[in-house]
Amino acid sequence: MKTVLSGSYAEVIIDTEGPVRIIGESINPTRRKKLISTLQAGSFDYVLQLAASQIASGAEILDVNVGYPGVDDVKLLPETVMALQDKFDIPLCLDSPNPRAIEAALRAAKGKCIINSVNGEERSLRAILPIAREFGSAVIALVMDDEGITHDPEKRLAIAEKIVGRAIKEGIREEDVIIDPLAMAVSADQDACLVTLKTISLVRQKLGLNITMGASNISFGLPNREALNAAFTTLAIYNGLTCPIANPEHITTSLLATDLVLGRDPWAIRFVEYYQNTLKSL
Amino acid sequence: MEDLLEMLHNAVELGKVDRKSPYPPQLRDHDGAYEITAMALDAGLGPQQILEEALIPAMAKVGKKFSDRQIFVPQMLLSAKAMGASMVLLKPFFASGALRSNGTFIIGTVRGDLHDIGKNLVSMMVEGGGWQVVDLGVDAGSDRFIETLENHPGAVIGLSALLTTTMENMKQTVEDIRAVSPSTRILIGGAPVTQDFCDRIGADFYSPNGQEAVNYLKTLAGN
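Not measured: the values here are computed from a predicted model. (Residues numbered from 1 in each chain as written. Chains lettered and ligands numbered in written order. Predicted model: local features only at pLDDT ≥ 70, side-chain atom pairs only at ≥ 80, totals over all residues.)

### Re the overall build of chain B
Next, step 1: When you go through chain B residue by residue, the secondary structure sums to 10 helices and five strands.
Next, step 2: Its C-alpha atoms give chain B a radius of gyration of 18 Å, within 12% of the compact-globule value 17 Å for 223 residues.
Next, step 3: With the principal axes as the frame, chain B shows a C-alpha extent of 50 × 35 × 25 Å.
Next, step 4: Across the 223 residues that make up chain B, the buried fraction comes to 50%.
Next, step 5: Summarising the internal contacts of chain B: among those between residues at least 6 apart in sequence, 73% fall at separations of at least 24. (Helix = DSSP H or I, 4+ residues; strand = E, 2+ residues; numbered from the N terminus. Rg over C-alpha atoms; globule rule 2.2 N^0.38 Å. Buried ≥ 20, exposed ≤ 12 C-beta atoms within 10 Å, placed from the backbone. Contact = placed C-beta atoms within 7 Å.)

### Things to note about the sheet that holds strand 6 (residues 114–119) of chain A
Residues and elements named next belong to chain A.
Next, step 1: In space, the seven strands of this open sheet follow the order 8-7-6-5-4-3-9, with parallel pairing throughout. Strand pairing shows two members of the sheet lacking a second neighbour, strand 8 (177–180) and strand 9 (245–246), which therefore form its edges.
Next, step 2: Pairing of strand 4 (residues 59–64) with strand 5 (residues 92–95) involves three bridges; the strand directions are parallel. Across the sheet, Val64 pairs through a bridge with Leu94, a residue of strand 5.
Next, step 3: Across the sheet, helix 2 (residues 45–56) lies against strand 3 (22–27) and strand 4, angled at about 150° from strand 3, the strand it touches most.
Next, step 4: Sheet strands touched by helix 3 (residues 73–87): strand 4 and strand 5. Its angle to strand 4, the strand with the most contacts, is close to 155°. (Pairing = 2+ DSSP bridges. Axes fitted to C-alpha atoms, helices over the stretch in contact; angles between N-to-C directions.)

### Topic: the interface of chain B and chain A
Where interface size is quoted, it is often the accessible area lost as the parts come together.
Next, step 1: On the side of chain A, 16 residues touch chain B, which itself brings 17 residues to the contact.
Next, step 2: Sorting the residues of the side of chain B that touches chain A by element identifies helix 4 (73–90) and helix 8 (167–180) of chain B as the ones contributing at least two each.

### Thoughts on helix 5 (residues 122–135) of chain A
All names here are of chain A.
Next, step 1: Taking 1.5 Å per residue, 14 residues should reach 20 Å; helix 5 reaches 21 Å between its end C-alpha atoms and fits that length.
Next, step 2: Where helix 5 is concerned, the buried positions are Ser124, Ile128, Leu129 and Ala132.
Next, step 3: Following helix 5 by one or two positions, Gly136 adopts a phi angle in the positive range, close to 65°. (Expected span 1.5 Å × (residues − 1).)

### A closer look at the sheet that holds strand 5 (residues 205–206) of chain B
Residue and element names in this part refer to chain B.
Next, step 1: Reading across from one edge, 2-1-3-4-5 is the order of the five strands in this open sheet, with parallel pairing throughout. With one partner strand each, in any of the chains shown, strand 2 (132–135) and strand 5 form the two edges of the open sheet.
Next, step 2: Pairing analysis gives four bridges linking strand 1 (residues 104–109) to strand 2, with the strands arranged parallel. Paired with Ile106 across the strands is Val134, a residue of strand 2.
Next, step 3: Strand contacts of helix 7 (residues 142–151): strand 1, strand 2 and strand 3 (156–160), with the helix running at about 170° to strand 1, the strand carrying the most contacts.

### Comments concerning the environment of Thr234 of chain A
All names here are of chain A.
Next, step 1: Here Thr234 lies in helix 8 (residues 225–239).
Next, step 2: Its 18 C-beta neighbours within 10 Å are what place Thr234 among the partly exposed residues.
Next, step 3: Considering only alpha carbons, one finds Thr234 and Asp146, 88 residues apart in sequence, at a separation of 31 Å.
Next, step 4: Those residues in contact with Thr234 that lie beyond four places of it in its chain are Ser254 and Thr258.

### A closer look at unusual backbone geometry
Next, step 1: Each neighbour pair has its own omega, and for Asn116 of chain A with Ser117 of chain A the value is 15°, a cis peptide bond.
Next, step 2: Relative to the elements of secondary structure, Ser117 of chain A occurs in strand 6.
Next, step 3: Pro24 of chain B follows Tyr23 of chain B through a cis peptide bond whose omega is -10°.
Next, step 4: Along the chain, the position of Pro24 of chain B falls in the loop between helix 1 (2–14) and helix 2 (33–42).
Next, step 5: Of note, the phi angle at Asn224 of chain A is positive, near 50°, even though the residue is not glycine.
Next, step 6: Backbone geometry at Ala268 of chain A places phi at a positive 55°, although glycine is not the residue there.
Next, step 7: Within the secondary structure, Ala268 of chain A sits in the loop between helix 9 (248–261) and helix 10 (269–281).

### Concerning the domain arrangement of chain B
Residue and element names in this part refer to chain B.
Next, step 1: Considered domain by domain, chain B is made up of domain 1 (2–95) and domain 2 (104–220).
Next, step 2: Inter-centroid distance (C-alpha atoms) of domain 1 to domain 2 is 26 Å.
Next, step 3: Counting residues at the interface gives 12 residues for domain 1, matched by 10 residues for domain 2.
Next, step 4: Within the residue set of the side of domain 1 that touches domain 2, elements represented by two or more residues are helix 3 (47–67) and helix 4.
Next, step 5: Ranked by residue count, the leading element in the side of domain 1 that touches domain 2 is helix 3, at eight residues. (Domains from an automatic or database assignment.)

### Points about the environment of Val134 of chain B
Residue and element names in this part refer to chain B.
Next, step 1: Relative to the assigned elements, Val134 resides in strand 2.
Next, step 2: Residues Val134 and Pro192, 58 residues apart in the sequence, show an inter-C-alpha distance of 24 Å.
Next, step 3: With residues up to four places along the chain from it excluded, the contact list for Val134 reads Thr104, Ile106, Thr148 and His152.

### Describing the nonpolar core
Next, step 1: Membership of the largest hydrophobic core comes to 79 residues, with the highest contact counts inside it found for Leu92, Val139 and Ala141 of chain A.
Next, step 2: The residues contacting Leu92 of chain A, other than those within four sequence positions of it, are Ile61, Leu62, Val64, Val81, Leu84, Ala109 and Cys113 of chain A.
Next, step 3: One finds Ala11, Val12, Met76 and Leu159 of chain B within the second-largest nonpolar core, a separate group that totals 69 residues. (Core = buried A, V, L, I, M, F, W, Y, C linked by C-beta atoms within 7 Å.)

### Examining the pairing of strand 3 of chain A
Residues and elements named next belong to chain A.
Next, step 1: Of all six residues that make up strand 3, six are buried, and the element is covered over most of its length.
Next, step 2: Across four bridges, strand 3 lies against strand 4 in parallel orientation. Looking at the pairing, Ile22 lines up with Ala59 of strand 4.
Next, step 3: Inspection of the sheet shows strand 3 paired to strand 9 by two bridges, in the parallel sense. If you follow Ile23 over to strand 9, its bridge partner there is Ile245.

### Describing the environment of Ile22 of chain A
Residue and element names in this part refer to chain A.
Next, step 1: Note that Ile22 resides in strand 3.
Next, step 2: Accessibility expressed as a C-beta count within 10 Å gives 23 for Ile22, which makes it buried.
Next, step 3: Separated by 222 residues in sequence, Ile22 and Pro244 have C-alpha atoms that sit 5.5 Å apart.
Next, step 4: Residues within four places of Ile22 in sequence aside, it is in contact with Gly58, Ala59, Glu60, Pro244, Ala246, Pro248, Thr252 and Leu255.

Here's what the structure looks like:
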């Protein structure tokens, strides 16, 4: 199954049979308070700098979240999109709980973006799916619904199936729905990652769709976070994860290593080239 | 007698819940917080003394180790569990007045936000600070805080939000609570929350961690 995305010209294909594509997570004010102060001052320098460093480290899609109390994201999200696409030819993943901000950003964006996100709640399905169809966007489907978050992989799959069904009915292509199986902190519940891995495996077998997740969530509250993230992401890829939302500066090496050992990197070209290119820049 | 208090302090600090708990491994086959509390009560120690001289200092120590990154979320949760095992035996004394709480603390993660770890850590630190905690869980709307406040007049409220996008709901919750109960103290926290945001939405206190919340509540107790 292939989800085809594009920037101004460049095409990025997320393929269930192909190598992992990283959606860079850094343009998000939750951990970068500086992002909002610079954007509110009307400066896009910092956001462009975050984009450049993520692209240099291997991000092929960029998540863009500028949500913050008091920020008019219906105005700021499209402005940020334009600033980014003016400088970089890369598909974007538009991240906002506000459907009006998503719509405004899609109107401003070039190419084909991902909407982050829809979930199984009726309100969300009704607000987001028509926008995805109108703009021909791909959409991330979070497997939670009006009942909240379930810890049963079969139930998570059922929510995924429901969202996909509704999307198809709305006129969205099946391959444009990317499932997010929900990754929760393993510090609070040592079975949390296993639930996610089982969900990934079920979604892959039953739906065959592309799968994303916030790969850095799971290590919250623990030391050696990068090792944990890498271990989990590797297992998740083996089970069907294809486009994690992650910080490429921390995780690219282990993703490329995973692709290579899974036979998705002929002649080890991507793995070796990344090493050579990183050396060159040192 | 003092030995029992010290043993209980140690059990809570290290997260030894009861005798059958296998954690931490170095205390295998030792008594846990539950048994030691029972022994302390049998030996005639007062519940208030047990709370003040063992549980509260133990949880303060745990909070300090957590902020210093000497321990992590799983150990913190084990300590909370150990404290909970002890509280099972102490709580009945609230009714008789032999055990006094500092007050009631109502905590929840605001509407639209499903993150609960930070909220749970603060909740247990506050309980370990001698407060009775009513935990409303996640995705809690203003109506739930207000309803709970009606049942616990004078309670202090704690709001958590982990997303920049749900901080907006925190603002709304503060406004809604203020509308019905202007004098209720509200403290807020969560990764994206700042002092500046706290000032802007008119909350009373911004707490960057559980211990600060306990310290703030201490200033309110007895007032």
